[in-house]
Amino acid sequence: MIRITVALIFILLFAITNAFSQHQPALREVDRVRLVEAFRLSDQLGDELWAGWSKAPLAVLLVTSEKEFLIRHPQPSKDFTSIGYDTKLKSEIFYRDRKFATNLLATFPAVGGISTVVIGQAENTDSKTSTPWVITLMHEHFHQLQDAQPNFFKDTEALNLSRGDQTGMWMLNYPFPYETPEVSRQFSVLVRLLLEAMQTKSNDKLSAYLAARDTLKKMLTADDYRYFSFQLWKEGIARYTEYRVAQWAAANYRPTREFRNLKDFTTFSAAADQVHNGIVHELSTLKLEDYKRVAFYPIGAAEGLLLDRANPNWRIRYFAEKFDNSLYFTRK
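The notes below deal with the structure included here. None of the values given here were measured: they were computed from a predicted structure.

1. So, the overall build of the chain
The secondary structure content of the chain amounts to 13 helices and six strands. For the chain, the spread of C-alpha atoms along the three principal axes comes to 95 × 45 × 35 Å. A total of about 16,400 Å² of accessible surface is found on the chain, and carbon and sulfur atoms cover 54% of it.

Below, the structure written as structure tokens:
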């Protein structure tokens, strides 16, 4: 009788465990493969491009249609539930019901006050496919590296651009004069000269671009120029980093077999070309009144590429002298 009772208890426990496991959320295998590749690429890249890259935390919140999965986060909030440790991701995985949009690509203190990459599944984002998605995640990880700098948030606040906003939304909503005719016209001149400087290796073209940049500075208020410079520094160089990471991976990194076997796999060389072509296309079609804040991404990225020619050591000074790329052209 005792043996029968014990056996029934084990059967009951097995049934409960099996039922629970069937209803427990899990990462899709394709998402898991993509995340493994992103972490692996980041680890192998190390500090090749940016000092401190290997030490900046790479916490990710993957947003799916119903759930959000938290990976490599040091302080999950109480609304998350663990589904166990994943040996390939080298992290305990947590989940909760979805809160964010499924197409989100952003980095902010989304969980526990920790800078976290909040990213949708590849097919739900602008990236669309696996390799560009991995490169986009590296863009977002660069924001984590920015956030990890000593006094970064204090120094950002010292720009006096938030105007009382404590949420960080001022970075998106700042009232820059996008539709002011004279500012828009000067942006058109700026972008034309920037493209010419990119497409030739003439010092005269670079000088002409920097002169046009200085003219724009004189047209803007002090606050507007600080915002312009901050966005080129923050978002533009993150876009530049996308390209440089993809370029580095094309030359130095071999993807895993699982990643190469994905149906939508493309090479990192193709991803690098896609990012570079995107920068050139955006500059070629840029109208400030239409692009608004998005205009700062390709402009800042192109400045990074010009800086690689004009001052190859500029990245050493990037975090020491923040928020204005123009400094790196003039001080070597």
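2. Section: the side chain of D224
Among the secondary structure elements, D224 is positioned in helix α8 (residues 222–252). Aside from chain neighbours lying at most four places away, what touches D224 is Y174, P175, F176 and P177.

3. Concerning the sheet that holds strand β3 (residues 81–86)
In spatial order, the strands read β3-β4-β2-β1-β6-β5; together these six strands make up an open sheet with mixed pairing. Of all strands in the sheet, those with a lone pairing partner are β3 and β5 (105–111), marking the two edges. Averaged over all neighbouring strand pairs, the angle between strand axes comes to 30°, with direction disregarded. Across four bridges, the pairing between strand β1 (residues 60–63) and strand β6 (residues 114–120) is parallel. Note that in β6 the partner of L62 across the bridge is I119. Sitting on the sheet, helix α2 (residues 29–45) touches β1, β2 (67–71) and β3, and the angle it makes with β1 is about 155°. In the packing of helix α3 (residues 130–147) onto the sheet, the strands contacted are β1, β5 and β6, and the crossing angle to β6 comes to about 165°.

4. Remarks on the nonpolar core
Residues L35, L41, W50, L137, F176 and F228 are the most contacted members of the largest nonpolar core, which totals 91 residues. The element best represented in this core is α8, accounting for 14 residues. Residues within four places of L41 in sequence aside, it is in contact with V134, I135, M138, V245, W248, A249, Y253 and F268.

5. Here's the deal with the packing of α3 against α8
When two helices pack together, their arrangement is given by the angle between the helix axes and by the axis-to-axis distance. For the pair α3 and α8, the least separation of the axes is 8 Å and the interaxial angle reads 135°. It follows from the interaxial angle that α3 and α8 lie oblique. Judged by the sense of rotation from one axis to the other, the crossing of α3 with α8 is right-handed. For the pair α3 and α8, contact is made by I135, T136, M138, H139, F142, H143 and Q146 and by W233, K234, E235, I237, A238, R239, T241, E242, V245 and A246, respectively. A breakdown of the residues in the contact of α3 with α8 according to their chemical character gives eight nonpolar, five polar and four charged.

6. So, the pairing of β3
Pairing analysis gives five bridges linking β3 to strand β4 (residues 91–97), with the strands arranged antiparallel. Opposite Y85, over in β4, you have E92 as the bridge partner. Linking β3 back to β4 in an antiparallel pair, the connection comprises four residues, with K90 at a positive phi of about 55°.

7. Section: the packing of aromatic side chains
A complete count under the given rule lists 34 aromatic pairs for this structure. Judged by centre distance (6.2 Å) and plane angle (20°), the rings of F152 and W233 are stacked. In this pair, F152 is assigned in helix α4 (residues 152–157) and W233 in helix α8, connecting sequence segments 81 residues apart. A cation over an aromatic ring shows up here: R315 above the ring of W50, its NZ or CZ 5.9 Å from the ring centre. K322 extends its terminal NZ or CZ atom over the ring of F323, reaching a point 5.8 Å from the ring centre.

8. Focus: the packing of helix α10 (residues 268–285) against helix α12 (residues 296–310)
Between α10 and α12, the least distance of the axes is 9 Å, while the angle of their chain directions is 120°. With respect to each other, α10 and α12 are oriented oblique. Our pair here, α10 against α12, has a crossing hand that is left-handed. Seen from α10, the contacting residues are H276, I279, E282 and L283; seen from α12, they are P298, I299, A301, A302 and L305. Partitioning the contact of α10 with α12 into residue classes produces seven nonpolar, one polar and one charged.

9. A look at the pairing of β2
On a regular strand, one side chain projects to one face of the sheet and the next to the other, so that they alternate. Of all five residues in β2, four are buried, a share of seventy percent or more. Direction of pairing for β1 relative to β2: antiparallel, over a ladder of four bridges. When the bridges of β2 are listed, L61 appears paired with L70. Connecting β1 to the antiparallel partner β2 that follows it, the hairpin turn spans three residues. Sheet topology note: the β2/β4 ladder contains five bridges and is antiparallel. Bridged to F69 within β4 is Y95.

10. Focus: the environment of W170
Structurally, W170 can be placed in helix α5 (residues 170–173). Measuring from C-alpha to C-alpha, the distance between W170 and R315 comes to 27 Å, with 145 residues separating the pair along the chain.

Cut-off values and rules
Residues numbered from 1 in each chain as written. Predicted model: local features only at pLDDT ≥ 70, side-chain atom pairs only at ≥ 80, totals over all residues. Heavy atoms only, no water. Helix = DSSP H or I, 4+ residues; strand = E, 2+ residues; numbered from the N terminus. Areas by Shrake-Rupley, 256 points an atom, 1.4 Å probe, with all protein chains shown as cover. Contact = heavy atoms within 4.5 Å. Pairing = 2+ DSSP bridges. Axes fitted to C-alpha atoms, helices over the stretch in contact; angles between N-to-C directions. Core = buried A, V, L, I, M, F, W, Y, C linked by side-chain atoms within 4.5 Å. Buried < 20%, exposed > 50% of the residue type's maximum accessible area, 1.4 Å probe, protein only. Parallel < 35°, antiparallel > 145°, perpendicular 65-115°, else oblique. Left-handed = near helix turned anticlockwise from the far one by under 90°. Nonpolar A, V, L, I, M, F, W, Y, C, P; charged D, E, K, R; others polar. Phe/Tyr/Trp six-rings, centres within 6.5 Å; stacked < 30°, edge-to-face > 60°. Lys NZ or Arg CZ within 6 Å of the ring centre and 35° of its normal.

Note that all results are geometric; they support no functional claim without further evidence.
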